[in-house]
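Working through the structure, step by step
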Amino acid sequence: MPATKEIRAQLKRFGANVRRERYVQGLTQQQFAELVDLNVRTVQKIEAGEINILITTLLRIQRALRCRCGKLVEGEETERRTSHSAGRCGLRRRLSSRG
């Protein structure tokens, strides 16, 4: 079944959000691929919005990037509206663990 324009747009947005958060974490595609147990080409396809992933893959990505799934799926606007976070994925957690 071919993807609709709306679904393709959502996949592109998700991929861009994953790429942005990976970059914020300072991870290369290779490092990120190893963390989420995917090959680099699959990571490239996800970031380009070319493939629809399983929820289990979404959860592995979310854990590796230490952020909410909503931020990856919807973007920063959703995160700002639904959370009083410190701005970037996982930042609050890292700041609070400094003691």
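Here, every reference points to the structure presented above.
Position numbers for residues start from 1 in each chain and track the written sequence from start to end. The predicted nature of this model means local features are confined to residues of pLDDT at least 70 and side-chain atom pairs, given and counted, to a pLDDT of 80 or more, with totals for whole chains, interfaces and linings taken over all residues. The side-chain quantities take in all heavy atoms of the structure and omit both hydrogens and water.

1. Here's the deal with the pattern of salt bridges
What counts is decided by this rule: Each reported salt bridge corresponds to a side-chain nitrogen of Lys or Arg within 4 Å of a carboxyl oxygen of Asp or Glu. Helix numbering and strand numbering both begin at the N terminus, where a helix is a DSSP run of H or I of at least 4 residues and a strand a DSSP run of E of at least 2. Throughout this description, buried means an accessible area under 20% of the type-specific maximum (1.4 Å probe, protein chains only), exposed means over 50%, and partly exposed covers the range between.
Tallied over the full model, the rule gives five salt bridges. For Lys71, the salt bridge is made with Glu21, and the minimal N-O distance between the two is 3.7 Å. With a gap of 50 residues between them, Lys71 in helix H5 (residues 69–73) and Glu21 in helix H1 (residues 5–24) connect regions that are remote in the sequence. For the pair formed by Lys71 and Glu21, the shared burial category is buried.

2. Thoughts on the packing of helix H2 (residues 29–36) against helix H4 (residues 55–65)
Our working definition: Comment: axis = line fitted to C-alpha atoms, over the contacting stretch for helices; angle = value between 0 and 180 degrees taken between N-to-C directions. Throughout, the term roughly parallel applies to angles under 35 degrees, roughly antiparallel to angles over 145, roughly perpendicular to angles from 65 to 115, and oblique to all others. Handedness of each helix crossing follows the sense of rotation of the near helix against the far helix: counterclockwise by less than a right angle gives left-handed, clockwise gives right-handed. Should any heavy atoms of two residues lie within 4.5 Å, those residues are considered in contact. All residues other than Ala, Val, Leu, Ile, Met, Phe, Trp, Tyr, Cys, Pro, Asp, Glu, Lys and Arg, Gly among them, are scored as polar; the first ten of these are nonpolar and the last four charged.
Across the interface, H2 lies against H4 with an axial gap of 9 Å and an inter-helix angle of 120 degrees. Classified by the angle their axes make, H2 and H4 are oblique. In this structure, the crossing between H2 and H4 has a hand that is right-handed. Contact residues: H2 offers Phe32, Leu35 and Val36, while H4 offers Arg60, Ile61, Ala64 and Leu65. Per-class residue counts for the contact of H2 with H4 are six nonpolar, no polar and one charged.

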